[in-house]
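Working through the structure, step by step
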Amino acid sequence: MVLVIPLMLALFMANLDQTIVATALPGIGADLHAGADVSWIATAYLLTGSVSTLLSGKLGDLYGRKKILQLAIGVFLVGSLLSGIARTLPVLAVSRALQGVGGGAITSLVMAITGDLASPRRRARLQAALGTVAALALIAGPLCGGAFSDGLSWRWIFYVNLPIGVVALIAVAMKLRLPAPPGNGRVDILGALTVTVFTTTVMLFTTWGGHDYPWSSPVVLGLAALAVVSLACYLAVERRAAEPVTPLRLFRSADFCLVSAQFLLVAMVLMAAMLYMPMFLQTVQLKSAFTAGLHVVPLLLGLVAAAVISGLLITRTGRYKVYPVAGAVLVAAGMAVLGRADRSTGTVALVVPLAVVGVGIGFFVQVCILVGQFSAGQEHIGTATGVLNFFRSLGGAFGAALFGAVLTAGTRSSAPDAAAFRSVFTWTVPFMALALALALLLEDRPLPEASVQQPGQFDA
């Protein structure tokens, strides 16, 4: 199996920025006097990334994934530079939003390109290799974030993207070769605008409700109404669009609907573990940022191990249903144990359940992408991948906002205590119970061995 270096570089950079911020959040908040609003640094990235995954998938189908990937890397680098030089929280949040536009597109396009390269069954092995790179970036993120925050400055967590991104941009330009795109069709601008309004209003509803404004306040109720209206408008626009951002026919497949919902739920829980466990360690147990990052490594190691192993087994057997079922049980069990942590909880008692959570999430990731792409068909693989990554990114954004609201609600003083963090971890369990129910409804059809079209040509 060929390892595609340009895709690996781009994917590494995009995934590094998803976790490198986590261990640096306390330092950023103190430097910019941000307080509880510092969570918007993570939320802004995830919010715009949610929308860009949809658009990039469709644009890649229409105009070629290589061109859109190059554009996405360029946007990501500009956002990284602006984030590094930001002096206020609003400027940093806007710069992170720009980063999210590029990062979301990169992840979606790389996953779509794997669909060009291999048949559904053999695609599992390729996605496992790319997933290893992504997981290594996720592992390096908390460590680099802690090291930069403690030893240099939190600004270096953004500057480090620049040399990686330049190399990735050059490698994609020189080494990545794909078949010529059709080049016809119009971009669904109205659909993009309506889905942006919907995503933003839901995010503000979950973030402001019960925190900045009471749930019964006119502002929160107005956001809820706007979310409902914008969703209805979005569905109406997509039903009539010639080239919709989200073709509604994809949701005629029951399996596509099920894996999309599972992706959203798992991303919510992953964000709760990745974002709030380092904060728990620094705030409650008074660990350094670097030490807090080390505690998250077992979760990511479990994730990559499970993704690789399940990918190899799916390639061999073509069967996939057992993995999300087992994954839901493992994630729920691990988060339930973390829901009992306090100031005196030892390292082993934290890293073992974190590793179990990582294994469970790793089982989900492979199946969601594979089944979603297979259900959509080869002709819609880019758009389907964009939709799946939209649900994943949206789940991450919802997780950061929703569990951030839970943390704020449980905070009785100037800083969250152990009880507030326990509430966050415990509330993830019902979401995984729902993911288990959805996994049990999946059909266990064997993935085909043969590819339906000629794969693209790649140099490595």
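Reading the values: the criteria
Residues numbered from 1 in each chain as written. Predicted model: local features only at pLDDT ≥ 70, side-chain atom pairs only at ≥ 80, totals over all residues. Heavy atoms only, no water. Helix = DSSP H or I, 4+ residues; strand = E, 2+ residues; numbered from the N terminus. Buried < 20%, exposed > 50% of the residue type's maximum accessible area, 1.4 Å probe, protein only. Contact = heavy atoms within 4.5 Å. Areas by Shrake-Rupley, 256 points an atom, 1.4 Å probe, with all protein chains shown as cover. Patch = residues over 30% accessible without salt bridge, like charges linked within 9 Å, V, L, I, M, F, W, Y side chains within 5 Å. Salt bridge = Lys/Arg side-chain N within 4 Å of Asp/Glu carboxyl O. Axes fitted to C-alpha atoms, helices over the stretch in contact; angles between N-to-C directions. Parallel < 35°, antiparallel > 145°, perpendicular 65-115°, else oblique. Left-handed = near helix turned anticlockwise from the far one by under 90°. Nonpolar A, V, L, I, M, F, W, Y, C, P; charged D, E, K, R; others polar. Phe/Tyr/Trp six-rings, centres within 6.5 Å; stacked < 30°, edge-to-face > 60°. pLDDT = per-residue confidence, 0-100.

As for the overall build of the chain
Secondary structure summary: the chain contains 16 helices and zero strands in total. Each of the 460 residues in the chain was classed as buried or not, and the buried ones make up 57%. A separation threshold of at least 6 residues defines the contact pool for the chain, and within that pool the share at least 24 residues apart is 86%. Carbon and sulfur atoms provide 69% of the accessible area of the chain, an area that totals close to 17,400 Å².

Comments concerning a nonpolar patch on the surface
There is a patch of nonpolar side chains on the surface, built from Val78, Leu81, Leu82 and Ile85 and spanning about 320 Å² of accessible area. Here Ile85 lies in helix H4 (residues 65-85).

Thoughts on the environment of Gly293
Mapping Gly293 onto the fold places it in helix H12 (residues 289-317). Considering only alpha carbons, one finds Gly293 and Ala147, 146 residues apart in sequence, at a separation of 9.0 Å. The contacts of Gly293, once residues within four sequence positions are left out, are Thr23, Pro142 and Leu143.

Regarding the environment of Ser108
Note on placement: Ser108 falls in helix H5 (residues 89-117). By relative accessible area, Ser108 is classed as buried at 0%. Once the C-alpha coordinates of Ser108 and Phe390 are considered, the two residues, 282 residues apart in sequence, prove to be 8.5 Å apart. Excluding residues within four positions of it along the chain, Ser108 makes contact with Thr53, Ser56, Gly57, Thr385, Gly386 and Asn389.

A short note on the packing of helix H11 (residues 254-283) against helix H14 (residues 347-376)
Their axes nearest at 9 Å, the elements H11 and H14 cross at an angle of 155 degrees. With respect to H14, the element H11 is oriented roughly antiparallel. When you trace H11 past H14, the crossing you get is left-handed. Between H11, through Asp255, Phe256, Val259, Gln262, Phe263, Val266, Leu270, Met277, Phe280 and Leu281, and H14, the contact on the second element is made entirely by Leu350, Leu354, Ile361, Phe364, Val365, Val367, Cys368, Ile369, Val371, Gly372 and Ser375. Here the contact of H11 with H14 is built from residues that sort into 17 nonpolar, three polar and one charged.

A closer look at the packing of aromatic side chains
Applying the stated criterion to the full structure yields eight aromatic pairs. Pairing Phe280 with Phe425 gives two aromatic rings, centres 6.4 Å apart and planes at 75 degrees, and the pair type is edge-to-face. Of this pair, Phe280 sits in helix H11 while Phe425 sits in helix H16 (residues 418-440); the two residues are 145 residues apart in sequence, bridging distant segments of the chain. Neither residue differs from the other here; Phe280 and Phe425 are each classed as buried.

Points about the packing of H11 against H12
The geometry of a pair of packed helices is captured by two quantities: the angle between their axes and the separation between those axes. Put simply, H11 and H12 touch, their axes get as near as 8 Å, and they point 150 degrees apart. Taken as a pair, H11 and H12 cross one another with a handedness that is right-handed. Counted together, Leu270, Ala273, Met274, Pro278, Leu281 and Gln282 of H11 and Ala289, Ala292, His295, Val296, Leu299 and Leu300 of H12 form the full contact between these two elements. When its residues are assigned to classes, the contact of H11 with H12 shows ten nonpolar, two polar and no charged.

Structural notes on unusual backbone geometry
In this structure, Leu286 takes a positive phi of about 60 degrees despite not being glycine. Considering the arrangement of structural elements, one finds Leu286 in the loop between H11 and H12. According to the relative accessible area criterion, Leu286 is exposed, its value standing at 64%.

Overview of the confidence of the model for the chain
The predicted model of the chain has a mean per-residue pLDDT of 80, with 88% of residues at 70 or higher. Here helix H6 (residues 120-151) stands out as the least confident element of the chain, with mean pLDDT 72; helix H13 (residues 322-338) is the most confident, with 92. For residues 450-460, every residue scores under 50 in pLDDT, and the model assigns this stretch 31 contacts once sequence neighbours within four places are set aside.

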